[in-house]
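Residues per chain are reported as follows:
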Amino acid sequence: MEQRIETDKYFMEIAATVAKRSTCLRRSVGCVLVDSKNHIVATGYNGVPKGFDHCLDSPCKGAFSESGMDLDLCSAIHAEVNAFLQLRSDDDLTAYVTVTPCFSCAKMFANSNVKRIVSKELYVHEEALHLLWEANIQPEVLDLDEELKGVVYER
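Residues numbered from 1 in each chain as written. Predicted model: local features only at pLDDT ≥ 70, side-chain atom pairs only at ≥ 80, totals over all residues. Heavy atoms only, no water.

K.L.:
An account of the packing of helix 3 (residues 103–110) against helix 4 (residues 127–134) is needed here, citing residue identities and associated values.
P.N.:
Packing of helix 3 against helix 4 leaves a shortest axis separation of 8 Å and a crossing angle of 10°. Classed by the angle they form, the pair helix 3 and helix 4 counts as roughly parallel. Within the contact between the two elements, helix 3 uses Phe103, Ala106, Lys107, Phe109 and Ala110 and helix 4 uses Glu127, Ala128, Leu131 and Leu132. Within the contact of helix 3 with helix 4, the residues separate by chemical class into seven nonpolar, no polar and two charged. (Axes fitted to C-alpha atoms, helices over the stretch in contact; angles between N-to-C directions. Helix = DSSP H or I, 4+ residues; strand = E, 2+ residues; numbered from the N terminus. Parallel < 35°, antiparallel > 145°, perpendicular 65-115°, else oblique. Contact = heavy atoms within 4.5 Å. Nonpolar A, V, L, I, M, F, W, Y, C, P; charged D, E, K, R; others polar.)

Below, the structure written as structure tokens:
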């Protein structure tokens, strides 16, 4: 009999599936917001604003820039922002994001009810981690290829 999937791995796999809806050429990111009862309350993926041409069809000016570079040239709205735009909960939340948040999204998390952020990889800019720590949010990065060993990044 197969063992039941662990909660963090379950939601991280859902975030990876959500990321597959991304229309961004640079990176596909998915975000799942989960309440204190482990119910999904919102999802989001990165892509251009509604009504705009998708970068898959008509690349924006930042489409081919390196990760973390030329962020102001990229037309995509981040997955975390799109999830918050759908959110209708004031419960304490856990965010499952395929990559740790950028600095702008970290500021948004710091001003929210998100108490925990679980990701499967670190974003290139580590300044966001310092902001999350200051907001008493501990980011965790999971190694999904092994036996789901979480690494909590601390100050």
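K.L.:
Describe in detail unusual backbone geometry, supporting the description with residues and values.
P.N.:
Phi is positive for Asn38, close to 65°, though the residue is something other than glycine. Its place among the elements puts Asn38 in the loop between strand 1 (30–35) and strand 2 (40–45). Under the relative-accessibility criterion, Asn38 is labelled partly exposed at 42%. The phi dihedral of Asn136 is positive, around 60°, even though this residue is not glycine. Checked against the element boundaries, Asn136 lands in the loop between helix 4 and strand 5 (138–143). According to the relative accessible area criterion, Asn136 is exposed, its value standing at 62%. (Buried < 20%, exposed > 50% of the residue type's maximum accessible area, 1.4 Å probe, protein only.)

K.L.:
With reference to specific residues and values, describe a nonpolar patch on the surface.
P.N.:
A contiguous nonpolar surface patch, about 340 Å² in accessible area, is contributed by Leu25, Leu56 and Phe64. You can see Leu25 is positioned in the loop between helix 1 (7–19) and strand 1. According to the relative accessible area criterion, Leu25 is partly exposed, its value standing at 35%. (Patch = residues over 30% accessible without salt bridge, like charges linked within 9 Å, V, L, I, M, F, W, Y side chains within 5 Å. Areas by Shrake-Rupley, 256 points an atom, 1.4 Å probe, with all protein chains shown as cover. Salt bridge = Lys/Arg side-chain N within 4 Å of Asp/Glu carboxyl O.)

K.L.:
Let's hear about the side chain of Ser119: which residues, and what values?
P.N.:
Structurally, the position occupied by Ser119 is in strand 4 (residues 114–119). For Ser119, a relative accessible area of 0% corresponds to the buried category. Contact partners of Ser119, with chain neighbours within four places excluded, come to Met12, Val97, Thr98, Val99, Thr100, Glu140, Val141 and Leu142.

K.L.:
Go over the side chain of Asp35, please, and point to the residues and values.
P.N.:
Relative to the helices and strands, Asp35 is located in strand 1. For the buried residue Asp35, which engages in no salt bridge, the nearest side chain bearing the opposite charge is Lys37, 6.1 Å off. Of the polar contacts made by the side chain of Asp35, one reaches the backbone nitrogen of Lys37; its length is 2.9 Å. In contact with Asp35, not counting residues within four places along its chain, are Val41, Asp91, Asp92 and Leu93. (Lys, Arg positive; Asp, Glu negative; His and termini not counted. Polar contact = N/O pair within 3.5 Å; in protein donor to acceptor, adjacent residues only side chain to side chain.)

K.L.:
Residues and numbers for helix 3, please.
P.N.:
For helix 3, every residue scored as buried is listed here: Cys105, Ala106 and Phe109. The buried residues of helix 3 occupy an angular sector of 105° when projected down its axis, which confines them to one face. Its buried side turned inward, helix 3 meets strand 1, helix 2 (79–86), strand 3 (93–97), strand 4 and helix 4. (Arc of directions from axis to C-beta.)

K.L.:
Could you give an account of the pattern of salt bridges, naming the residues involved and the relevant values?
P.N.:
In total, this model carries three salt bridges according to the counting rule given. Among the salt bridges present, the one from Arg116 reaches Glu140, with a minimum N-O distance of 2.7 Å. Here Arg116, found in strand 4, pairs with Glu140, found in strand 5; they are 24 residues apart in sequence, far enough to count as distant. Residue Glu140 is classed as buried on the basis of its relative accessible area, which comes to 14%. Through salt bridges with shared partners, one network takes in Asp8, Arg116 and Glu140.

K.L.:
For the layout of surface pockets, give the residues involved together with the corresponding values.
P.N.:
The calculated volume of the largest pocket comes to roughly 290 Å³. Tallied by class, the residues present in the lining of the largest pocket amount to ten nonpolar, six polar and four charged. Of all elements in the fold, only strand 2 and helix 2 reach the threshold of two or more residues within the lining of the second largest pocket. The residue inventory of the lining of the second largest pocket, partitioned by class, reads six nonpolar, seven polar and one charged. (1 Å grid on protein atoms, 1.4 Å probe; cavity = no way out; pocket = protein on both sides within 12 Å on 5 of 7 lines; lining within 4 Å. Points joined across faces, edges and corners; volume = space filled by probe spheres on them.)

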